[in-house]
Amino acid sequence: MGFANKTVVITGAGNGIGRGVALLFAEKGANVVIADIDEHAGVETADIIKKQGGTALFVRTDVRSASDIVALMKATQQTYGSIDILINNAGKVLFKSPYEVTVEEWDDVIQTNLRSTFLCAREAATYMRNNADGGSIVNIASSRAIMSEPNSESYAATKGGIVAITHALAASFSQDRISVNAISPGWIETGDYTKLTKADHEQHLSKRVGKPADIARACLFLTAKENDFVTGVNLIVDGGMTRKMIYEE
Ligand SMILES: NC(=O)c1ccc[n+]([C@@H]2O[C@H](COP(=O)([O-])OP(=O)(O)OC[C@H]3O[C@@H](n4cnc5c(N)ncnc54)[C@H](O)[C@@H]3O)[C@@H](O)[C@H]2O)c1
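Quick caveat: nothing in here was measured; it's all calculated off a predicted structure.

Peer 1: Can you lay out the pairing of strand E4 (residues 85-88) for me, pointing to particular residues and giving the numbers?
Peer 2: Of the two faces of E4, the one carrying Ile85 and Ile87 and the one carrying Leu86 and Asn88 are both buried. As paired elements, strand E1 (residues 7-11) and E4 share three bridges and run parallel to each other. If you follow Ile10 over to E4, its bridge partner there is Ile87. Across four bridges, E4 lies against strand E5 (residues 135-140) in parallel orientation. Along E5, the bridge assignment pairs Leu86 with Ile137. Assessed by its sense of winding, the connection that carries the chain from E4 through helix H4 (residues 103-128) to E5 is right-handed.

What follows is the structure, encoded as structure tokens:
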């Protein structure tokens, strides 16, 4: 899988999973554009990549802003000459009783997670469709698109929506040779992995909690040109948790 001379835009790449995805694409030779609202963290990700000999650009972006998204893709095109891959990863979680969620909070989660995915995909695709070999988009959903704990309505709605627009966009962008897929992560530990307990790990069919690199490797697979027969799918990367049948005793 070759990513040299490819340009990848990753939203929310300042922290957590997005940073892990950015570091792996950089290691594979891609130009990496880090789009995040958190300037400190975004610059830090870019600095790590540059210290390791990679190529990176930070563009401060609030993915709730349509004009920020337009400026992000324009800056990427102007700096590297193309946009080949987009990873829609920026997101926020809200756990709050459905009786108490305000309209403003609901709208904020929808705009951050779901509307941004559509706007970024559409804007990036307007550039990708001019590439000789098209492009590839990965939307980060969640296993919460298909399973729930209480008090997660707005987040679940965005992740279910992301899975749905993934196959819709795969159909619309196929004429422009752009593949569109989703990844649904389960528990991916972005904090101190050493603090996890034996029970945390053992409850997974895989016998371990996930790491950002697990999602990064899935992104490489879905965006590699030789895998362009894969489009419209939702790849669940969750250590088997959504396949584990549980009856309480
Ligand atoms: N960590 C998990 O267990 C897990 C599981 C399933 C899905 N996910 C999804 O993976 C993605 C990344 O999650 P994470 O755990 O790394 O989260 P995180 O909070 O560590 O990182 C999210 C990043 O998105 C950025 N961001 C938030 N709002 C933004 C905005 N308006 N504009 C631009 N950037 C913004 C943050 O600054 C941060 O850098 C999210 O979409 C999340 O829903 C995570």
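Peer 1: So, helix H2 (residues 39-51): which residues are in play, and what are the values?
Peer 2: Between its first and last C-alpha, H2 extends 18 Å over 13 residues, near the 18 Å set by a 1.5 Å rise per residue. Along H2, the residues that are buried comprise Ala41, Gly42, Thr45, Ala46 and Ile49. For H2, the arc enclosing every buried residue in end-on projection is 140°, short of the 170-degree limit, so these residues lie on one face. Facing away from the buried surface of H2 by more than 90 degrees, the exposed residues are His40 and Lys51. Summarising the contacts, the buried residues of H2 are in contact with helix H1 (16-27), strand E2 (31-36) and strand E3 (55-60). After H2 finishes, the residue Gly53 shows a positive phi value of roughly 90°.

The rules behind each value
Residue indices begin from 1 for each chain and proceed along its sequence in written order. Residues qualify for local features only when their pLDDT is at least 70, as the model is predicted, and side-chain atom pairs are given and counted only at 80 or more; totals for whole chains, interfaces and linings, by contrast, use all residues. The basis for the side-chain values is all heavy atoms of the structure; hydrogens and waters are excluded. Relative accessible area decides the class of each residue, using a 1.4 Å probe on protein chains only: under 20% of the type maximum gives buried, over 50% gives exposed, and in between gives partly exposed. Secondary structure follows DSSP: runs of H or I at least 4 residues long count as helices, runs of E at least 2 residues long count as strands, and numbering of each begins at the N terminus. Should DSSP find at least two bridges between two strands, the strands are taken to pair. Note on handedness: a clockwise path from strand one over the helix to strand two, with the strands aimed away from the viewer, defines a right-handed crossover. Expected span of a helix: the number of residues minus one, times 1.5 Å. The directions from the helix axis to the C-beta atoms form the arc being described. Only heavy atoms matter for contacts: two residues are in contact if any of them lie within 4.5 Å across the pair.

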